[in-house]
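# Topology and contacts: notes
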Amino acid sequence: MWAASFLLIGPILATAPGDTPSSAVPVATPQQAEFFERRIRPILVESCASCHGAKVQKGGIRLDSREALVHPDLGPVVTPGQPEESTLIEVIRREGEIKMPPKVALSVDAVADLTAWVKMGAPWPESSELDAAANGTDASKHWAFQPIGDPSLPPVKRAEWPRMPVDRFILSSLEAKGLEPSRPADKRTLIRRATYDLTGLPPASADVDRFLADDSPDAFGKVVDRLLASPQYGERWARHWLDVSRYADTKGYILFEDANYPWAYTYRDYVIQSFNDDLPYDRFIVEQLAADRLPPSEDRRPLRAMGYLTIGSRFMNNIHDVIDDRIDVVSRGLMGLTVSCARCHDHKFDPIPTKDYYALYGVFASSMEPTKPPLFERPPATPEYVNFARELTSLEGKLAEFVAEKHRELTAGARSRVGDYLIAAQSSLDQPSTEEFMLLADGGDLNPAMITRYRKLLERTKKRHHPVLAPWHALAALPPRTFADEARSLASRGFATDDPSKPVNAAVVAEFSARPPATLAEAAAAYGRLLNNVESIAAEHDDRANLRGVEPGPLPYPALEQLRPLFHGPDAPADLPFDPYGDLALLPDRPAQGRLQELRNAVVKWRTTGPGAPPRAMALEDLASPVEPRVFVRGNPFNPGQPVARKFLDVLSHGQAKPFQAGSGRLELAQAIASRDNPLTARVLVNRVWMHHFGAPLVQTPSDFGLRSDPPTHPELLDHLATRFMAEGWSIKALHRQIMRSAAYQQASDDRPEAVAVDPENALLWRMNRRRLDFEMTRDSLLAVAGRLDGNVGGPSFPDITADAPSRRTLYGFLDRLNLPGLYRTFDFPDPNATSARRDPTTIAPQALFLMNHPFVVGAARSVSGRATGEEDGRIAGLYGALFQRSPSNEERGLAREFLREDGASAASWERYVQALLLSNEFSYLD
């Protein structure tokens, strides 16, 4: 009995996607090609190619082409679309007899990436295929890299149709194809469309009635202004931005620490507030990248903005992957450029060399997250906070006291056992570096981390002449059998060289001249005696100065003063900085490690969850000394190549970019991105805003404006919007007004066969695109019509979005990036592990099943039914007004009466009737 056009169930069930045959060779989409270049090709090159590449094929297996993977002589290594049936996935998971790579297993992230790649069909964008997209394209002439112009408004025939300048560009394109725009949408459709677009919620019946009664020429403009002033506007548009910023409440794969980000929500609150306050977009960018580098201000709330960089996945705390993720969210998220594709090699398509990638790498490598995240507002002077602060001070005091004790023990041992450490460091010079491993010593042993510090000292001083350690390096080079004789000869000559500019420390020469060492161990002991004697002399010298009340000066003997930097100074192995949260976790002996971790965890736990704990900003700060980056050859951090300067991308710098000068360079990077001279930033933003209003962007790849992108459907319109956007102070609200007040936006969404024949994809916008509500709008609408929606803005995340109790907007649901609930994926929620500007909508059966059967939906239907009162006709009319903001037709009234009579007109039948209305296309789609 139900009208076919009324139900959502039919089309969802009818259009479930089929499986792609495994034999088919899928054409890589731009997104898949980017995923392959960023995540898959580096794994195959670094971990597989040496044994299974063009030169060597152990076991007859090659992994350097898709054909070899799918159709090798020995059978397929990969079954596209079926990772569980793929030999490659089995061996990298190390589940059977064969384990690959044989020596060191791939990281968890690498296994997950390869599994996802096989599941998507193992697309392999060969260079020949991909180069075709950019073949013959001069990067310098690519449309996206040209300065943003200010095109003149084109002439049109129907001069009465345009309401805003954007309409002239739309109408000009339509008239060129012999098309007419569609009729205006009715006012009910228009206010529903605008309310959802700007707030993500259905309009209130009273607001609809007010708009329908307003016959003034600017009635719709007043609706737009009211919606832009609503706090719910910031919530809706924050969700769009959180997709770009890959927001989640957890860190992903991690060990030995809390997997949650306790203050991720402070970044979300910042984004909501920024949209509601209409923060200029250029300032929005700068604060998210470098709020800590801005001039000091009493308002420290912008520090929250740097969550844009810090809320990404932690990749098992692999700093190189963390930085790569930050480069990606900055380049794709803000400029629509896939810079991360240049991590292992020059970008295959866009003019981004590897050295530009590592120039940005140096910027983020020169930044660190403070171990104690900063407060961004003054804590309230409540008894709860006073108790919190008192306990925090106590816990931090215990930690500092323990670390200070271990610090004293460690530095004292490092100075008293100089000889032992020198021998151990010298022995380690020919062994692999242990910097990537956590090494612990038993109490009383030489400390592995301190050996590493002495080793670095020897490495530094061996490369260039060092007056104190030059004798050591000369002695260390002697063969053991003739050591004593040659050491005596060197000492008799005072370790002199042919170069008079390379003097040797007189105290060291005197020590070895008096007692030439017979072994390197004796030489090490001599250094130990000498340095400890200098330390005693220096301490006595300083004590005498303190007794006289003056600052201690240099030692009276230059040779002795020259020895002191080996004990004191930033490069001295034993001169460790005191930091309860620094690298000291590697330094204490094994019995102390557990206690140290216990004390640290107590501080962190209390700071984050203690009653009265104030929220903190997930900020960054610059290192004291910026990193001087080098290109990692083939992306391997253990194979550093040529040095590069920290700077912006050359392709966007009108020539070679100038090196950054201030600290890490984050502020200069942010200013370069937010510059009016940058041809990408404004274009990328207005393209995305247009996409969210029309359901389709002007540039079909909103996060890739590179050479593989299709040109804009309306290039002059894109530049017009970008120019006006910057001219009006980078105001996103002003951009909304330009778009929404246009005749193009206010068109009806009806199909017209004559227009479909010319432009079936509606690329020319001869009508408004019909759109389905996304996941957040669907859930929030259910709460709104049920009268259960919590209108409070901001605050921490809540755990279960489908429980009956939580009535907060879906925006505030807890997002676990490692275990995203299936319901999110069912409704096309983007992967929070990567920046995503666009959601790809699907229509699958589980969406309808959720709306038909889930207790959350059933509960909402019960609440809606309970709110409708009165006689039967009055209740039916009330339900249509609440759900669809209109009155029911006579046919709809008749269908309702018939259903209710057949079902007994009980309370349960009313609830089932309401749920049927909630399943309708009219509730779930925007016209």
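Quick caveat: nothing in here was measured; it's all calculated off a predicted structure. (Residues numbered from 1 in each chain as written. Predicted model: local features only at pLDDT ≥ 70, side-chain atom pairs only at ≥ 80, totals over all residues. Heavy atoms only, no water.)

### Considerations on the overall build of the chain
- Each helix and strand counted, the chain has 39 helices and six strands in total.
- For the chain, the residues scored as buried account for 53% of the 927 residues in total.
- Within the chain, contacts between residues separated by at least 24 positions form 69% of all contacts whose residues are at least 6 apart in sequence.
- Element-wise, carbon and sulfur atoms account for 54% of the exposed surface of the chain, whose accessible area totals about 41600 Å². (Helix = DSSP H or I, 4+ residues; strand = E, 2+ residues; numbered from the N terminus. Buried < 20%, exposed > 50% of the residue type's maximum accessible area, 1.4 Å probe, protein only. Contact = heavy atoms within 4.5 Å. Areas by Shrake-Rupley, 256 points an atom, 1.4 Å probe, with all protein chains shown as cover.)

### Side note on the environment of A389
- Counting through the fold element by element, A389 comes out in helix α18 (residues 383–416).
- Residues A389 and W606 lie 217 residues apart in sequence; the distance between their C-alpha atoms is 9.8 Å.

### A short note on unusual backbone geometry
- Of note, the bond from M100 into P101 is cis; its omega dihedral lies within 30 degrees of zero at -15°.
- Relative to the helices and strands, P101 resides in the loop between α5 (87–92) and α6 (108–119).
- At R246, a residue that is not glycine, the phi angle is positive and equals roughly 50°.
- For R246, the position within the fold is in the loop between α12 (231–244) and α13 (264–276).
- A positive phi angle, near 50°, is found at F315, a position not held by glycine.
- Within the secondary structure, F315 sits in the loop between α15 (307–310) and α16 (319–335).

### Focus: the confidence of the model for the chain
- The predicted model of the chain averages 87 in pLDDT, with 89% of residues at 70 or higher.
- Low confidence marks residues 128–136, where pLDDT is under 50. Its contacts with residues over four positions away, or in another chain, come to eleven contacts. (pLDDT = per-residue confidence, 0-100.)

### Considering a nonpolar patch on the surface
- Where nonpolar side chains cluster on the molecular surface, the patch consists of L255, F256 and M316 and spans about 360 Å² of accessible area.
- Examined against the element boundaries, M316 turns out to sit in the loop between α15 and α16.
- For M316, a relative accessible area of 35% gives the class partly exposed. (Patch = residues over 30% accessible without salt bridge, like charges linked within 9 Å, V, L, I, M, F, W, Y side chains within 5 Å. Salt bridge = Lys/Arg side-chain N within 4 Å of Asp/Glu carboxyl O.)

### Quick notes on the packing of aromatic side chains
- Within the structure shown, the criterion is met by 36 aromatic pairs.
- The interplanar angle of 65° and the centroid separation of 5.8 Å between the aromatic rings of F275 and F284 together place this pair among those described as edge-to-face.
- In this structure F275 comes out as buried when scored by relative accessible area, which is 7%.
- F284 sits in the buried class, given a relative accessible area of 3%.
- When the ring of Y281 is compared with that of F284, the centres are 6.1 Å apart and the planes differ by 40°; the resulting orientation is tilted. Here Y281 pairs with F284, and both are found in helix α14 (residues 281–290), just three residues apart, close to one helical turn. (Phe/Tyr/Trp six-rings, centres within 6.5 Å; stacked < 30°, edge-to-face > 60°.)

### Concerning the nonpolar core
- W241, Y281, Y308, L334 and Y913 are the most contacted members of the largest nonpolar core, which has 161 residues in total.
- Once residues within four sequence positions are removed from consideration, Y281 is found in contact with W241, L334, T681, L685, F725, W730 and I732.
- In this structure, Y421, A424, L531 and F567 belong to the second largest nonpolar core, which totals 41 residues. (Core = buried A, V, L, I, M, F, W, Y, C linked by side-chain atoms within 4.5 Å.)

### What about the packing of helix α32 (residues 775–785) against helix α35 (residues 855–867)?
- For the pair α32 and α35, interaxial distance at closest approach is 8 Å and the crossing angle is 30°. As judged from the angle between their axes, α32 and α35 are roughly parallel. α35 is crossed by α32, and the crossing has left-handed handedness. When α32 is examined against α35, the residues R779, L782, L783, A784 and V785 are found in contact with a partner set consisting of F856, V857, A860, V864 and R867.
- Here the residues of the contact of α32 with α35 sort into eight nonpolar, no polar and two charged. (Axes fitted to C-alpha atoms, helices over the stretch in contact; angles between N-to-C directions. Parallel < 35°, antiparallel > 145°, perpendicular 65-115°, else oblique. Left-handed = near helix turned anticlockwise from the far one by under 90°. Nonpolar A, V, L, I, M, F, W, Y, C, P; charged D, E, K, R; others polar.)

### Focus: the pattern of salt bridges
- Taken as a whole, this structure holds 57 salt bridges when the rule is applied.
- The salt bridge involving D299 is made with R301; its shortest N-O contact spans 3.0 Å.
- D299 sits in the partly exposed class, given a relative accessible area of 37%.
- A salt bridge links E776 to R839; the nearest nitrogen and oxygen atoms lie 2.8 Å apart. Placement of the pair is E776 in helix α32 and R839 in the loop between α33 (822–826) and α34 (845–853), with a sequence separation of 63 residues. Side by side, E776 and R839 carry an identical accessibility label, which is buried.
- Among the ionic contacts, a cluster of salt bridges with common partners joins R188, R886, E892 and E922.

### Observations regarding α32
- With ten of eleven residues buried, α32 lies mostly within the body of the structure.
- Taken as a whole, α32 has its buried residues at F775, E776, M777, T778, R779, D780, S781, L782, L783 and V785.
- N-capping of α32 is provided by D774, with a side-chain oxygen placed 3.2 Å from the backbone N of E776.
- Remark: G787 follows α32 within two positions and exhibits a positive phi of approximately 75°. (Polar contact = N/O pair within 3.5 Å; in protein donor to acceptor, adjacent residues only side chain to side chain.)

### Quick notes on the environment of S836
- Assignment of secondary structure puts S836 in the loop between α33 and α34.
- Linking S836 and V329, residues 507 residues apart in sequence, is a C-alpha distance of 9.1 Å.
- Non-local contacts of S836, meaning those with residues more than four positions away in its chain, are made with D243, V244 and P830.

### A closer look at the packing of α35 against helix α38 (residues 907–918)
- Put simply, α35 and α38 touch, their axes get as near as 8 Å, and they point 115° apart. On the basis of the axis angle, α35 is roughly perpendicular to α38. As for the relative orientation of α35 and α38, their crossing is right-handed in sense. Across from V857, V858, A861, R862, V864 and S865 in α35, the residues of α38 making contact are A907, W910, E911, V914, Q915 and L918.
- Across the contact of α35 with α38, the residue classes tally to eight nonpolar, two polar and two charged.

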